[in-house]
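As a plain string of letters, each chain reads:
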Amino acid sequence: MNKAVISGDIVASTSLPDIGRSRLENDLLQVITILSEEKLILFGRIIKGDYIECVVSNPEDALRVLLIFKCYVKSIAGEMNLEDSSPRIKLFKIYGIKLAIGYGGLSRFDPEKGIIDGEAIYLSGRKINELSTFGKQRISLKNSLFFVSAYSQLNMQFEALFSLLDVLLNKATARQCEVVYYKLLGMKEDQIVQKMNVSQPVINQHSSGAGWNAIELAVNYYSQTIKQQSS
């Protein structure tokens, strides 16, 4: 049975101040806890403070989980008040994190021992690693969201979808990404109003500005396509 594994790497993390890197790690651990409590992931971990690996509970939910990570990192990137205007800091502000879904088998998976082994994690990890040069992020980064599997037709179906989501979210503001993050977790707008302490019209404005309707359609399309593939 195929599984979905997500690998992720914070963009230009070595250029961030220590306090920023520490906050990112702590906050991402909290997101992993939330995703575990919501039964969206079976296992998740942070490696060396800036690299994510997680096994998604149901493969059809993998895009939703990937976008939760993406939107969360983008939302806190806007709160860091990074005054450095270097090219690498600009990359972090725009992309936040690069993420890949690996869809395939897992020959060994033991959460208690921290073992994730097999095609799915090889695919996602290899995709993330090929975007780096000698351990450092490239100065130019065209895309940050990827789907990789052994199914060429499936890869082709999702390539354009992930590229369009990339464009939407890379242009989105931190507040817009925060709204999308809460919506992806299943929160209603009145709950988000209380969470963010802003008015309903402001939430609607952020939601529309981020392209929530298109994002929701993309998540549903991905879910249905994976379900059909595995049936």
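Preceding this paragraph is the structure being described.
Calculation notes
Residues numbered from 1 in each chain as written. Predicted model: local features only at pLDDT ≥ 70, side-chain atom pairs only at ≥ 80, totals over all residues. Heavy atoms only, no water. Axes fitted to C-alpha atoms, helices over the stretch in contact; angles between N-to-C directions. Helix = DSSP H or I, 4+ residues; strand = E, 2+ residues; numbered from the N terminus. Contact = heavy atoms within 4.5 Å. Nonpolar A, V, L, I, M, F, W, Y, C, P; charged D, E, K, R; others polar. Salt bridge = Lys/Arg side-chain N within 4 Å of Asp/Glu carboxyl O. Buried < 20%, exposed > 50% of the residue type's maximum accessible area, 1.4 Å probe, protein only. Core = buried A, V, L, I, M, F, W, Y, C linked by side-chain atoms within 4.5 Å. Expected span 1.5 Å × (residues − 1). Arc of directions from axis to C-beta.

Chemist: Teacher, can you tell me more about the packing of helix α2 (residues 62-77) against helix α9 (residues 212-230) here?
Modeler: Think of two packed helices as two axes; the pair is described by the angle between the axes and how far apart they sit. Remark: α2 packs on α9, axes separated minimally by 8 Å, with the N-to-C direction vectors making an angle of 140°. Residues Ala62, Leu63, Arg64 and Leu67 of α2 touch α9, and the partners they reach there are Ile215, Ala218, Val219 and Tyr222. Class assignment of the residues belonging to the contact of α2 with α9 gives a composition of 7 nonpolar, no polar and 1 charged.

Chemist: Please explain the pattern of salt bridges as it appears in this structure.
Modeler: Side chains that differ in sign of charge can pair as their charged atoms come close. With the rule as written, the count across this model stands at 6 salt bridges. Residues Asp117 and Arg108 are paired through a salt bridge, measuring 3.5 Å at the closest nitrogen-oxygen approach. Look at Asp117 and you get buried, because its relative accessible area is 16%. On the basis of relative accessible area, Arg108 is assigned to the partly exposed category, the value being 47%. Here Lys127 ties to Glu130 by a salt bridge, and the two come within 3.0 Å at their closest N and O atoms.

Chemist: What should I look at first to understand the nonpolar core in this one?
Modeler: One recurring pattern in soluble globular proteins is that nonpolar side chains are buried together. Leu67, Phe69, Phe162 and Tyr222 are the most contacted members of the largest nonpolar core, which totals 62 residues. Considering each element in turn, this core owes the most residues, 12 residues, to α2. Apart from residues no more than four positions distant in its own chain, Leu67 is found in contact with Leu145, Leu165, Leu169, Leu184, Ile215 and Val219. Counting residues in each nonpolar core, the second largest holds 7 residues, with Val5, Val55, Leu106 and Ala120 among its members.

Chemist: Looking at this structure, I do not really get α9. What am I missing?
Modeler: The α-helix advances 3.6 residues per turn, and as a result positions three or four apart in sequence lie on the same side. Across its 19 residues, α9 extends 27 Å between first and last C-alpha, which sits within 8% of the 27 Å expected from 1.5 Å per residue. Of all the positions in α9, only Trp212, Ile215, Ala218, Val219, Tyr222, Ser223, Thr225 and Ile226 are classed as buried. The arc that holds every buried residue of α9, seen down its axis, measures 165°, which confines them to one face. For α9, the exposed residues lying more than 90 degrees away from the buried face are Asn213, Leu217 and Gln228.

Chemist: What's the story with the environment of Lys3 in this structure? I'm lost.
Modeler: Positionally, Lys3 belongs in strand β1 (residues 3-10). Judged by its relative accessible area of 23%, Lys3 is partly exposed. Spatially, the C-alpha atom of Lys3 lies 8.1 Å from that of Ser57, the residues being 54 residues apart in sequence. Each residue touching Lys3, except ones within four places of it in the same chain, is listed here: Leu42, Ser57, Pro59, Gly102, Tyr103, Gly104, Leu106 and Ala120.

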